[in-house]
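For reference, the chains in residue letters:
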Amino acid sequence: NKLLTLAFVTRKSEVLLGLKKKGFGMGRWNGFGGKVEKGETISEAAKREMQEECGLIVDDFKKVGLLMFEFVGDPQLLEVHVFHSETFRGKCIETEEMRPMWYPLDGVPFDQMWPDDYLWFPHFLARNPFFGYITFQGMDNIVQSCLK
Ligand SMILES: Cc1cc(-c2ccco2)c2oc(N)nc2c1
C-alpha cells in the first residue's frame, strides 16, 4: 500500500482547507498531506506536510480516521491516515502547492472537493472515528464504498 497522510486543523467553527494548485488532486480543496517518507512515522509525516504546505506547526495530531482507496485497474492501494488538531502555531500562508482558506464547518465546499469527502467528512466533523474503503474509476467516479 502507498502510505499517505491527510491532516486538518480546526478553530472555533471553522476548518482550514487548501486548494491544491498542482499534481495529484489539483483544483480540489482538501486537507494537507502527502507521502510518508522513509525514516519518519506517519504522524511525523503529517506534521511535516502541514508545515510544508501551509506553514502551520502542529505538535499533537490526533488520529481520526483511515481511508483505503482502490483505483479500478491499479493494483496499488492508497492507505490514507487522517489526522486532526485543534492546536497549531504560526500563520497559514499560500505555498506553491496549496492556497489555504478557513471555511465555516457548515459551509464546506464539497462540490469542489474529492467526491468521497461527502461520505466521511460528516463523521470527522462529528468527532467520530471512521474507516472507509472506497473504489474509484478515474478521479471523479466512486464505483463502491463502505464506511464504518
Ligand atoms: C484517492 C484520494 C486521495 C486523497 C489524498 C491524497 C493525499 C491525501 O489524501 C484524498 O483526500 C480526500 N479528501 N479524498 C481523497 C481521495
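Heads up: the structure comes first, above all this text.
Everything numeric here is computed off the predicted structure, so don't read it as measured data.

Concerning a nonpolar patch on the surface
Next, step 1: Taken together, the side chains of Tyr-118, Leu-119 and Leu-147 make up a nonpolar region of the molecular surface, amounting to roughly 260 Å² of accessible area.
Next, step 2: With respect to the element layout, Tyr-118 can be found in helix H2 (residues 117-125).
Next, step 3: Residue classification places Tyr-118 among the exposed positions, given a relative accessible area of 51%.

Structural notes on the layout of surface pockets
Next, step 1: Roughly 690 Å³ of internal volume is contained in the largest pocket.
Next, step 2: Surrounding the largest pocket, 34 residues form its lining, Leu-4, Phe-24, Asn-30, Gly-33 and Gly-34 being those nearest its centre.
Next, step 3: Among the secondary structure elements, those contributing two or more residues to the lining of the largest pocket are strand E1 (2-11), helix H1 (42-54), strand E4 (62-71), strand E5 (74-85) and H2.
Next, step 4: Residues that form the lining of the largest pocket fall into these classes: 12 nonpolar, eight polar and 14 charged.

Points about the packing of aromatic side chains
The relation between two aromatic rings is expressed through the spacing of the ring centres and the mutual angle of the planes.
Next, step 1: Under the counting rule described, the total for this entry stands at 15 aromatic pairs.
Next, step 2: A centroid spacing of 5.3 Å and a plane angle of 80° characterise the contact between Phe-8 and Phe-121, whose relative ring orientation is edge-to-face. In this pair, Phe-8 sits in strand E1 while Phe-121 sits in helix H2, placing the two residues 113 residues apart along the sequence.
Next, step 3: Judged by relative accessible area, Phe-8 falls into the buried class, the value being 0%.
Next, step 4: Judged by its relative accessible area of 0%, Phe-121 is buried.
Next, step 5: A centroid spacing of 5.2 Å and a plane angle of 20° characterise the contact between Phe-110 and Tyr-118, whose relative ring orientation is stacked.
Next, step 6: Through successive ring pairs, a cluster of aromatic residues spans Phe-8, Phe-110, Tyr-118, Trp-120, Phe-121, Phe-124 and Phe-130.
Next, step 7: In this arrangement the basic side chain of Arg-28 is found over the ring face of Trp-114, its NZ or CZ atom lying 4.7 Å from the centre.

Rules behind the numbers
- Residues numbered from 1 in each chain as written.
- Predicted model: local features only at pLDDT ≥ 70, side-chain atom pairs only at ≥ 80, totals over all residues.
- Heavy atoms only, no water.
- Patch = residues over 30% accessible without salt bridge, like charges linked within 9 Å, V, L, I, M, F, W, Y side chains within 5 Å.
- Areas by Shrake-Rupley, 256 points an atom, 1.4 Å probe, with all protein chains shown as cover.
- Salt bridge = Lys/Arg side-chain N within 4 Å of Asp/Glu carboxyl O.
- Helix = DSSP H or I, 4+ residues; strand = E, 2+ residues; numbered from the N terminus.
- Buried < 20%, exposed > 50% of the residue type's maximum accessible area, 1.4 Å probe, protein only.
- 1 Å grid on protein atoms, 1.4 Å probe; cavity = no way out; pocket = protein on both sides within 12 Å on 5 of 7 lines; lining within 4 Å.
- Points joined across faces, edges and corners; volume = space filled by probe spheres on them.
- Nonpolar A, V, L, I, M, F, W, Y, C, P; charged D, E, K, R; others polar.
- Phe/Tyr/Trp six-rings, centres within 6.5 Å; stacked < 30°, edge-to-face > 60°.
- Lys NZ or Arg CZ within 6 Å of the ring centre and 35° of its normal.

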